[in-house]
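# Geometric and topological summary
The lines below spell out each chain.
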Amino acid sequence: MSEQSSGPGVLNPPDPNSPMNDDGPRQALLAVRREVAKAVVGQDGTVTGMLIALLSQGHVLLEGVPGVAKTLLVRALSSALSLDTKRVQFTPDLMPGDVTGSLVYDSHTSEFSFREGPVFTNLLLADEINRTPPKTQASLLEAMEERQVSVDGAARRLPAPFLVAATQNPVEYEGTYPLPEAQLDRFLLKLTMPLPGRGEEIEVIRRHAAGFDPRDLAAAGVRAVAGAEDLERARKAVNRVAVEPEIIGYIVDLVRATRAAPSFQLGVSPRGATALLNTSRSWAWLSGRPFVTPDDVKALALPCLRHRVALQPEAQMDGVRVDDVLGSILASVPVPR
């Protein structure tokens, strides 16, 4: 993997032979990518984004058409990291208690006991989150932000690490409830999962023809190569990655430029600037450098900012794309030397 990105939002594989390649946690996380690739073809950038989210203690919004292996990717990632994972299919009739858990009356003891919901896991796949009403969507907010669930006045801590990977279908909007801006801002990254190229699709079909079963990851050779301890050590290492004042100024200039862009009616908040800082540090560490460069910031700008802005209605009617506007901003804001 090269140290540098080939363009905004492109997370090329880090170089395992970089000067930091004797770093145990880093090598363990790079090995995770190789394990996931045994089950998922052509989504290296998304896997890297998920690892960055885990390192930065954030959550991910996955966007892609059905059938691009979103569920398989989360399951393979959890297997390679030896973490627990659960999946919730969000539907119009899903209630908050179906996600967080609820109090259940025990007739034998005449007392209420708390039954944990699927949110009590390490990696929660919130499938088609925009198909459930806002009340149920909001039930995840406390879990995402505070890493806890409050029921009947009692706060219950969630396992660590904890990551919500919420999926959305980008082309089907009938019967959906778009996430409000405040909730979108809670996601650290928005990663798009494209359809595979011809060669990658041939490899997918070849594997299935050879007997690959997506429900049996062990048979595919996916094994645990890292764990929660590696992630914790990696986070401490990320916190030691140096960020020069010029880089901080560059991040602030990028964010402020989104607020002045004519095509946007909503720009990026200071929370978005903090998210860009944290993810850039994680990417720099994964790439084997003890400091952040402008290229690290550029590589994370699109996945970190694209869901934190809103287009003007006239821009939407003209077919303007958020990524194109952000790309123009990246091209126009002076890069520190």
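This one's a predicted model, so the numbers in the text were calculated from it and none came from an experiment.

### Observations regarding the overall build of the protein chain
Helix and strand content of the protein chain: 13 helices and eleven strands. In terms of C-alpha radius of gyration, the protein chain reaches 20 Å, essentially the compact-globule figure of 20 Å for 337 residues. Counting only C-alpha atoms, the protein chain reaches 70 × 45 × 40 Å along its principal axes. Going through the 337 residues of the protein chain one by one, you find that 50% of them count as buried. Considering only residue pairs separated by 6 or more positions, the protein chain has 77% of its internal contacts joining residues 24 or more positions apart. Taking the average place of the 35 positive charges on the side chains of the protein chain and the average place of its 40 negative ones, the gap between the two points comes to 3 Å.

### Points about the nonpolar core
Of all hydrophobic cores here, the largest spans 74 residues; its most connected members are L29, V32, M50, L77, L81, F264 and W285. With near-sequence residues (within four places) excluded, F264 lies in contact with T258, V309, A310, L311, Q312, V322, V325, L326 and I329. Core analysis: the second largest hydrophobic core is formed by 23 residues, V88, L94, A143 and F187 among them.

### So, helix α8 (residues 228-238)
Along α8, the residues that are buried comprise D230, L231, A234, R235, A237 and V238. Taken around the axis of α8, the buried residues stretch over an arc of 160 degrees, which confines them to a single face. Those residues of α8 that are buried lie in contact with α1 (24-36), α2 (44-55) and α10 (270-286).

### What to know about the packing of aromatic side chains
What the rule picks out here adds up to one aromatic pair. Ring centres 5.8 Å apart and planes at 65 degrees place the aromatic pair F114 and F120 in the edge-to-face group. On the accessibility criterion, F114 (19% relative accessible area) is buried. The cationic tip of R156 hangs over the ring face of F114; the distance from NZ or CZ to the ring centre is 4.2 Å.

### Topic: a nonpolar patch on the surface
Together, L103, Y105 and F112 make up a nonpolar patch on the protein surface, roughly 330 Å² of accessible area in all. Mapped onto the fold, L103 is located in strand β3 (residues 101-106).

### A look at the UniProt feature "domain: ChlI/MoxR AAA lid" (unreviewed entry) in the protein chain
Look at the UniProt record and you will see "domain: ChlI/MoxR AAA lid" (unreviewed entry) annotated at residues 256-326. Between the C-alpha atoms that bound residues 256-326 the distance is 12 Å, and the span itself is 62% helix and 7% strand.

### Here we look at the sheet that holds strand β9 (residues 189-192)
Within the open sheet, the five strands sit side by side as β2-β5-β8-β1-β9. Their pairing is parallel. Looking at the sheet topology across the chains shown, the edges are occupied by β2 (85-89) and β9. Mean inter-strand twist for the sheet, computed between neighbouring axes without regard to direction, equals 20 degrees.

### Thoughts on the pattern of salt bridges
In this structure the tally under the stated criterion is 16 salt bridges. With a shortest N-O distance of 2.9 Å, R207 and E203 are connected by a salt bridge. Here E203 and R207 lie together in helix α7 (residues 198-209), a separation of four residues that amounts to about one turn. Note on E203: relative accessible area 23%, which makes it partly exposed. Of the charged contacts in the structure, one is a salt bridge between D296 and R289, with a shortest N-O distance of 2.8 Å. A network of salt bridges, in which partner residues are shared, links E35, K38 and R223.

Basis of the calculations
Residues numbered from 1 in each chain as written. Predicted model: local features only at pLDDT ≥ 70, side-chain atom pairs only at ≥ 80, totals over all residues. Heavy atoms only, no water. Helix = DSSP H or I, 4+ residues; strand = E, 2+ residues; numbered from the N terminus. Rg over C-alpha atoms; globule rule 2.2 N^0.38 Å. Buried < 20%, exposed > 50% of the residue type's maximum accessible area, 1.4 Å probe, protein only. Contact = heavy atoms within 4.5 Å. Lys, Arg positive; Asp, Glu negative; His and termini not counted. Charge placed at Lys NZ, Arg CZ, Asp CG, Glu CD. Core = buried A, V, L, I, M, F, W, Y, C linked by side-chain atoms within 4.5 Å. Arc of directions from axis to C-beta. Phe/Tyr/Trp six-rings, centres within 6.5 Å; stacked < 30°, edge-to-face > 60°. Lys NZ or Arg CZ within 6 Å of the ring centre and 35° of its normal. Patch = residues over 30% accessible without salt bridge, like charges linked within 9 Å, V, L, I, M, F, W, Y side chains within 5 Å. Areas by Shrake-Rupley, 256 points an atom, 1.4 Å probe, with all protein chains shown as cover. Salt bridge = Lys/Arg side-chain N within 4 Å of Asp/Glu carboxyl O. UniProt positions renumbered as here; feature names shortened; annotations may be inferred. Pairing = 2+ DSSP bridges. Axes fitted to C-alpha atoms, helices over the stretch in contact; angles between N-to-C directions.

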